[in-house]
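Here's the letter readout for the chains.
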Amino acid sequence: MSEAKPNALVTGASRGIGAEIAKHLARSGHLVWVNYQSNKERAEQVVSEITALGGSAKSIQFNVSVSSEVDAAFDEIAKTHGPLTTLVNNAGITIDGLLLRLKDEDLEKTLSVDLKGAIFCTRAAAKQMIRKRQGSIIQISSVVGEMGNAGQAAYAAAKAGLIGFSKSVAKELASRRVRVNVVTPGFISTEMTESLTDVQKEAILRGIPLGFFGSPADVAALVSFLASPASQYITGEVIGVSGGMYI
């Protein structure tokens, strides 16, 4: 078993922000596990892009909202490359709609992936990290979890819950030198924002003091910092990447 490289897992890493985070961590010297639930082809493409540039990456399939799948995947990682050094809980979904039209199944699905999934993965990672007495757990929440947004009550509840959960766990794990921090992106240029009309984009931009959308690289750069020894004295923090949407 080789432990020459720090060992990082990024959930929901087959596209968008997760894929960019995986690439940044690989460039900083991590062996990166690229998690996906259903799109193996895109996950393997991310792995190929990383290895083509001289990095190390492997894809791994599991559903973050199923605790037995999470535990099995984390066991596999530990057996093949040792305990995780970094966990990035990026996997998430949003099912938008006003509260009065919110279906029970949509609420359950959102909470299961966005909140319970992160809890399951954090628990599994913590078991490995506390034995090694080091580790960085980084939660990708959202500015919506801080400021709210009409039509996203379920998503906001999950992302706000992730913040409270992370602050609690940061206190629990600090004595074992395991750090837990939260990143809250705002509007980031991804496939989602590309589907917006020009009118919608203009309305959103009026609420961003810096006046432009962020990029996945903006989020990934912060995550790479939080995964590095340079952030060894930072834990329990919520750090925005939103162009000033929430100040």
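Residues numbered from 1 in each chain as written. Predicted model: local features only at pLDDT ≥ 70, side-chain atom pairs only at ≥ 80, totals over all residues. Heavy atoms only, no water.

Q: So, the environment of Leu-196: which residues are in play, and what are the values?
A: Summarising the element assignment, Leu-196 is placed in the loop between helix H7 (191–194) and helix H8 (198–205). Of the residues examined, Leu-196 reaches a relative accessible area of 21% and is grouped as partly exposed. A sequence separation of 160 residues divides Leu-196 from Tyr-36, and the C-alpha atoms of the two residues are 25 Å apart. Each residue touching Leu-196, except ones within four places of it in the same chain, is listed here: Lys-201 and Ile-204. (Helix = DSSP H or I, 4+ residues; strand = E, 2+ residues; numbered from the N terminus. Buried < 20%, exposed > 50% of the residue type's maximum accessible area, 1.4 Å probe, protein only. Contact = heavy atoms within 4.5 Å.)

Q: How would you summarise the sheet that holds strand S2 (residues 31–36) if you had to cite specific residues and measurements?
A: Strand order in this open sheet of seven strands is S3-S2-S1-S4-S5-S6-S7, and the pairing throughout is parallel. Edge strands, defined here as strands with exactly one partner in the open sheet, are strand S3 (56–61) and strand S7 (238–241). Going across the sheet, the axis of each strand differs from the next one's by a mean of 20 degrees, ignoring polarity. Pairing analysis gives four bridges linking strand S4 (residues 86–89) to strand S5 (residues 135–140), with the strands arranged parallel. (Pairing = 2+ DSSP bridges. Axes fitted to C-alpha atoms, helices over the stretch in contact; angles between N-to-C directions.)

Q: How would you sum up the pattern of salt bridges? Please name residues and give values.
A: Under the defined criterion, the tally for this structure stands at three salt bridges. Between Lys-23 and Glu-49 there is a salt bridge, with its nearest N and O atoms 2.6 Å apart. One end of the pair, Lys-23, is in helix H1 (residues 16–27); the other, Glu-49, is in helix H2 (residues 40–52), with 26 residues separating them in the sequence. Judged by relative accessible area, which is 31%, Glu-49 ranks as partly exposed. (Salt bridge = Lys/Arg side-chain N within 4 Å of Asp/Glu carboxyl O.)

Q: Would you mind going over the packing of aromatic side chains in detail, with residue names and values included?
A: Counted according to the given criterion, the structure contains two aromatic pairs. Their ring planes at 65 degrees and their centres at 6.3 Å tell us that Phe-62 and Phe-74 sit as a pair that is edge-to-face. With Phe-62 in the loop between S3 and helix H3 (67–81) and Phe-74 in helix H3, this pair connects stretches of sequence that are 12 residues apart. Per residue, the accessibility class of Phe-62 equals that of Phe-74, and both read buried. (Phe/Tyr/Trp six-rings, centres within 6.5 Å; stacked < 30°, edge-to-face > 60°.)

Q: I'd like a description of unusual backbone geometry, backed by residues and values.
A: The residue Arg-133 is not glycine, and still its phi comes out positive at about 60 degrees. Inspection of the secondary structure puts Arg-133 in the loop between helix H4 (104–132) and S5. The class of Arg-133 is partly exposed, set by a relative accessible area of 45%. Of note in the backbone geometry, Arg-177 takes a positive phi value of approximately 65 degrees without being a glycine. Note that Arg-177 resides in the loop between helix H6 (153–173) and strand S6 (178–185). On the basis of relative accessible area, Arg-177 is assigned to the exposed category, the value being 56%.

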